[in-house]
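Chain residues, written in single-letter form:
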Amino acid sequence: VIIYGDLPKNKENVIYLSNHQCTVDWIVADMLAIRQNALGHVRYVLKDGLKWLPLYGWYFSQHGGVYVKRSAKFNEKEMREKLRAQMKTETTMYLVIFPEGTRYNPEIPKVIADSQSFAEKEGLAILKHVLTPRVKATYVAIDTMKDYLDAVYDVTVAYEGTVDHKGQRKLAPSMTEFLCKECPRVHIFIDRIELKDIPEEQMYMRRWLHERFEIKDKLLIEFYDAKDSKRRNKFPGKSVHSKLSLKKTLPSLLFLGGLTASMLLTESGRKLYVKTWIYGTLIGCLWVSIKP
């Protein structure tokens, strides 16, 4: 894990804005949070369809996750109520938002072309390595939590090994590929932004958010397309090879690994394991359909 920029050592109430390429992006947010002792405070703004994920859809909802629909179906009131409920608990908020709304996938050029076409139509800068960001969820989150937040983290993520022999960008690693070390390094650029530096009105915030993604795009152009090969596969500026101490991960590994192993080693445990997935999924889907 290679970190650029300033990541505070202590946990803060933040909104985390990042480019989105793959499922691993979710884990990258956890990587930063655990370095601030804030892993248990991570919350996600998720596409509404993800609430039907087996077990996890219900878990994210109960853990303060916010499910949102796109465009005209976006329910601003519901999102504000969910965020206010979290604020009432007075626990640290580490709210992760991917403003692009979907993953940047070089193997689906139509999505990229449509995003660029929309930017051109709206008079916005055309972006190469990220999609045109959507402002609604970001605006509602910042506006609702402006008196609760300490800062906004603008995070840019790039994975090594995602350029082919012709120099063209490839698909970002899947979770399996990442865990099997097919991606040797993940580079994370962090820009901590004070709330006073962010426009309050949605129209101006939209322009501000797009400008932030222009900065991301320039960073990623440097990472993937720099003419000097020595400047590729890294962001500009100072970086830190951020190792994580074993004591931060070993206890949870032993607990969860031991719990799972103890269930799978006995016949009754295996039955309980299967029933948990089946009935937990059914109950979870029913729950989130009644109470988002």
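Cut-offs and rules
Residues numbered from 1 in each chain as written. Predicted model: local features only at pLDDT ≥ 70, side-chain atom pairs only at ≥ 80, totals over all residues. Heavy atoms only, no water. Helix = DSSP H or I, 4+ residues; strand = E, 2+ residues; numbered from the N terminus. Rg over C-alpha atoms; globule rule 2.2 N^0.38 Å. Buried < 20%, exposed > 50% of the residue type's maximum accessible area, 1.4 Å probe, protein only. Contact = heavy atoms within 4.5 Å. Lys, Arg positive; Asp, Glu negative; His and termini not counted. Charge placed at Lys NZ, Arg CZ, Asp CG, Glu CD. Pairing = 2+ DSSP bridges. Axes fitted to C-alpha atoms, helices over the stretch in contact; angles between N-to-C directions. Domains from an automatic or database assignment. Buried area = accessible area lost by both parts, 1.4 Å probe. Salt bridge = Lys/Arg side-chain N within 4 Å of Asp/Glu carboxyl O. Polar contact = N/O pair within 3.5 Å; in protein donor to acceptor, adjacent residues only side chain to side chain. 1 Å grid on protein atoms, 1.4 Å probe; cavity = no way out; pocket = protein on both sides within 12 Å on 5 of 7 lines; lining within 4 Å. Points joined across faces, edges and corners; volume = space filled by probe spheres on them. UniProt positions renumbered as here; feature names shortened; annotations may be inferred. Nonpolar A, V, L, I, M, F, W, Y, C, P; charged D, E, K, R; others polar.

What follows covers the overall build of the protein. A tally of helices and strands in the protein yields 9 helices and 8 strands. A compact globule built from 292 residues should have a C-alpha radius of gyration of about 19 Å, and the protein, at 20 Å, falls within 12% of that. The principal-axis extents of the C-alpha atoms in the protein amount to approximately 60 × 45 × 40 Å. When each of the 292 residues of the protein is scored for burial, the buried share is 43%. When contacts within the protein are restricted to residue pairs at least 6 apart in sequence, those whose partners lie at least 24 apart make up 76%. If the 46 positive side-chain charges of the protein are averaged to one point and the 34 negative ones to another, these points end up 5 Å apart.

The backbone of L55 sits at a positive phi, close to 60°, despite the residue not being glycine. The phi dihedral of K181 falls on the positive side, at around 65°, and the residue is not glycine. Along the chain, the position of K181 falls in the loop between α6 (175-179) and β7 (186-193).

Bringing the sheet that holds strand β8 (residues 239-241) into the picture now. If you trace the 8 strands from one edge of the open sheet to the other, you get β4-β3-β5-β2-β6-β7-β1-β8, paired in mixed fashion. For this open sheet the edge positions go to β4 (66-68) and β8, each flanked by a neighbour on one side alone. Mean inter-strand twist for the sheet, computed between neighbouring axes without regard to direction, equals 25°. As judged from the 4 bridges shared by strand β1 (residues 2-5) and β7, these two strands associate in the parallel manner. If you follow I3 over to β7, its bridge partner there is I188.

Moving on, we come to the domain arrangement of the protein. Splitting the protein by domain gives domain 1 (2-242) and domain 2 (245-291). Placing the centre of domain 1 and that of domain 2 at their C-alpha centroids yields a distance of 28 Å. Taken together, both faces of the contact between domain 1 and domain 2 bury some 970 Å²; the carbon and sulfur share is 71%. There are 0 salt bridges connecting domain 1 and domain 2. Counting every contact that joins domain 1 to domain 2 gives 2 residue pairs in polar contact (both at pLDDT 80 or more). The greatest single-element share of the side of domain 1 that touches domain 2, amounting to 5 residues, is contributed by helix α2 (residues 56-62).

To continue, consider the side chain of T138. Relative to the assigned elements, T138 resides in helix α5 (residues 136-145). In this structure T138 comes out as buried when scored by relative accessible area, which is 1%. In contact with T138, other than residues within four places in its own chain, are L17, I97, P99, M205 and L209.

For the rest of this paragraph, the subject is empty space enclosed by the protein. Under the defined criterion, the tally for this structure stands at 1 cavity of 30 Å³ or more. Quantified by volume, the largest cavity comes out at close to 40 Å³. Around the largest cavity, the lining residues are Q21, Y104, P106, T162, R169, K170, L171, A172 and Y224.

This part is about the UniProt feature "domain: Phospholipid/glycerol acyltransferase" (unreviewed entry) in the protein. UniProt annotation of "domain: Phospholipid/glycerol acyltransferase" (unreviewed entry) refers to residues 14-139 when read in the numbering used here. The distance from the first to the last C-alpha atom of residues 14-139 is 14 Å, and the span holds 39% helix and 14% strand.

Let's shift gears to the layout of surface pockets. Taken as a whole, the second largest pocket holds about 300 Å³ of empty space. Forming the boundary of the second largest pocket are V1, I2, F178, L179, K181, C183, P184, R185, V186 and H241. Taken together, the residues of the lining of the second largest pocket sort by class into 7 nonpolar, 1 polar and 2 charged.

Proximity of charged atoms lets side chains of opposite charge pair with each other. One pass over the structure, following the stated rule, counts 16 salt bridges. A salt bridge links K110 to D114, with the nearest nitrogen and oxygen atoms 2.8 Å apart. Within this pair, K110 and its partner D114 are both found in helix α4 (residues 109-121), separated by 4 residues, close to a single helical turn. Judged by relative accessible area, K110 falls into the exposed class, the value being 57%. According to the relative accessible area criterion, D114 is partly exposed, its value standing at 42%. Where D154 meets K216, a salt bridge forms, and the shortest distance between an N and an O atom there is 2.6 Å. In this pair, D154 is assigned in strand β6 (residues 151-159) and K216 in helix α7 (residues 202-225), connecting sequence segments 62 residues apart. Take D154 and K216: they sit in the same class, and that class is buried. Residues joined by salt bridges that share partners form a network here, namely E76, R80, D143 and K146.

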